[in-house]
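Letter by letter, the chains look like this.
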Amino acid sequence: NRPEGFDGDVWQFYGVPPNFRRVTLPTPLTLRLSGMRRLARGIRALPLVIWLAARSRPGAERFVVYSRSMLGAWLAVRLRRMWGSRSACQGVFLELHDAPSEDARRTLRDADGLVTISDVLRRHLVDGRWCTAMGVLVEHDGVDPRSVDSAADGHAVRCRLGIDDDLTIVGYTGRVNAGKGINTILEAASRLQRASAHFLVVGKQYDADAEATARGLGNVTITGFVPPSAVPSYLAACDILAMPTSATLPYSRFTSPLKLFEYMASGRPIVCSDLPVLREVLRHMQNAVLVPPDDPASLADAIERLMEDPTLRRSLAKQALLDAQEHTWDKRAARLLSWIETRSPRPRLSSP
């Protein structure tokens, strides 16, 4: 998707090489039309219906639908049913990042397989009898290690921001709002004003009060929004990375944050909220320091401990970097393709 308010090259914005083709279907109305949501949804789906119907027709090249859209999966299973056993569609798979609504129950059951980004979400589906355990694969989000240079020199970023090289930079990247833990970060920064720690917050600001608080602290820099392709250079400028996700965040129960895997691949020690879903990837005092969510004192204590223990910093960072190798997009895709082939009820993808 084109970022809001951005008119430049999308590939460069996200730091993605233009090595695949995008097909954009026309949408004459959008779901933003107030008071016409059902009509807008129907018209929005029409181009997809036409395209899928033609793509699924008997005699067409065989394919598999892999969707993150509930609407897309719903249309795919019904169009495949319309064509019957002659359909070119070999399977329909749906990736879920949050708990589905009740009206999606039949779509989940009709799909050939479900992919969840956390085991907590998988258990929610199985316990709620949305599906069987055999029909779900857990695949956390991932990272492209080529986009995060763990050996990069962050000196240029420090110089540009006017941060002394002698200071320990504690970094955070992402949205700057309460749910992501900005208030916890600022309170921890306040507690560490006498320490040689400087907090670097990289991301778009959604909280005016937090911005005002940061201006009153001498050890906090908030950059505002930066393009995703520039984030690795900011990570390289940091000595410690913080992810104090609030337990009050609506989707904190099921989340698999992209920045977690970027943090791990950056080769920096991580301090993170101790949430059940994050413990699927992080292990306390092995590849991260886990602290109670929404607890500034614990966050400050953990940061201070890392500042005083370079051996621990190196050990945590090394293990996190090693663990990140299992969460690359390439390995994730390979596991998904292998699983899809075993789940597809039609001939294998490699069949002629």
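Look up: the structure comes first, before these words.
This section reports on the structure supplied with the text.

**Some details on the overall build of the chain**
When helices and strands are counted, the chain shows 13 helices and 10 strands. Expressed as a percentage of the 352 residues in the chain, the buried residues total 46%. Look at the contacts in the chain between residues 6 or more apart in sequence, and 65% of them connect residues 24 or more apart.

**Overview of empty space enclosed by the protein**
Per the stated rule, a full pass over the model turns up 1 cavity of 30 Å³ or more. Here the largest cavity is characterised by a volume of approximately 60 Å³.

**Some thoughts on the nonpolar core**
The biggest cluster of nonpolar side chains holds 89 residues, and the ones touching the most others in it are Phe199, Val220, Met264, Val271 and Ile303. Non-local contacts of Val220, meaning those with residues more than four positions away in its chain, are made with Leu186, Ala189, His198, Phe199, Val201 and Ala214. Grouped together as the second largest cluster of nonpolar side chains are 6 residues, Val115, Leu137, Trp339 and Ile340 included.

**Quick word on the sheet that holds strand β4 (residues 136-138)**
With respect to topology, 4 strands assemble into an open sheet ordered β1-β2-β3-β4, the strand pairing being parallel. The sheet terminates laterally at β1 (63-67) and β4, the two strands that pair on one side only. Taking each pair of neighbouring strands and ignoring which way they run, the sheet shows an average axis angle of 20°. Relative to β4, strand β3 (residues 113-116) runs parallel, the two being bridged by 3 bridges. Looking at the pairing, Thr116 lines up with Val138 of β4. Here helix α3 (residues 70-83) sits on the sheet and contacts β1 and β2 (89-96); the angle it forms with β2, its principal contact strand, is near 160°.

**Some details on the sheet that holds strand β8 (residues 240-243)**
Sheet strands line up and pair through hydrogen bonds in the backbone, either parallel or antiparallel. A sheet is described by the order of its strands in space; here 6 strands give the open sequence β7-β6-β5-β8-β9-β10, paired in parallel fashion. Two strands close off the open sheet at either side, each with one partner strand: β7 (220-222) and β10 (289-291). Averaged over neighbouring strand pairs, the angle between their axes works out to 20° when direction is ignored. Sheet topology note: the β8/strand β9 (residues 270-273) ladder contains 3 bridges and is parallel. Bridge assignment links Ala242 to a residue of β9, and that residue is Val271. The strands touched by helix α11 (residues 296-308) are β5 (168-173), β6 (197-202), β8, β9 and β10; relative to β10, the strand with the most contacts, the crossing angle is about 160°.

**Comments concerning the pattern of salt bridges**
Within this structure, the stated rule accounts for 17 salt bridges. Salt bridges linked by common partners bring Arg78, Arg81, Arg106 and Asp110 together as one network.

**Remarks on helix α7 (residues 182-191)**
Within α7, the full set of buried residues consists of Ile182, Thr184, Ile185, Leu186, Ala188 and Ala189. Looking at the buried side of α7, the elements it contacts are β5, β6, α8 (208-215), β7 and α11.

**Digging into the packing of aromatic side chains**
Within the structure shown, the criterion is met by 1 aromatic pair. Geometrically, the ring pair formed by Phe93 and Trp339 is edge-to-face, given 5.8 Å between the ring centres and 65° between the ring planes. Of this pair, Phe93 sits in strand β2 while Trp339 sits in helix α13 (residues 329-343), placing them 246 residues apart in sequence. Over the aromatic face of Trp130 sits the side chain of Arg105, whose NZ or CZ is 4.0 Å from the ring centroid.

**Description of a nonpolar patch on the surface**
A cluster of nonpolar side chains, Tyr14, Val16 and Phe20, forms an exposed patch at the surface whose accessible area comes to about 280 Å². Residue position: Phe20 is located in the loop between α1 (10-14) and α2 (37-55).

Definitions and cut-offs
Residues numbered from 1 in each chain as written. Predicted model: local features only at pLDDT ≥ 70, side-chain atom pairs only at ≥ 80, totals over all residues. Heavy atoms only, no water. Helix = DSSP H or I, 4+ residues; strand = E, 2+ residues; numbered from the N terminus. Buried < 20%, exposed > 50% of the residue type's maximum accessible area, 1.4 Å probe, protein only. Contact = heavy atoms within 4.5 Å. 1 Å grid on protein atoms, 1.4 Å probe; cavity = no way out; pocket = protein on both sides within 12 Å on 5 of 7 lines; lining within 4 Å. Points joined across faces, edges and corners; volume = space filled by probe spheres on them. Core = buried A, V, L, I, M, F, W, Y, C linked by side-chain atoms within 4.5 Å. Pairing = 2+ DSSP bridges. Axes fitted to C-alpha atoms, helices over the stretch in contact; angles between N-to-C directions. Salt bridge = Lys/Arg side-chain N within 4 Å of Asp/Glu carboxyl O. Phe/Tyr/Trp six-rings, centres within 6.5 Å; stacked < 30°, edge-to-face > 60°. Lys NZ or Arg CZ within 6 Å of the ring centre and 35° of its normal. Patch = residues over 30% accessible without salt bridge, like charges linked within 9 Å, V, L, I, M, F, W, Y side chains within 5 Å. Areas by Shrake-Rupley, 256 points an atom, 1.4 Å probe, with all protein chains shown as cover.

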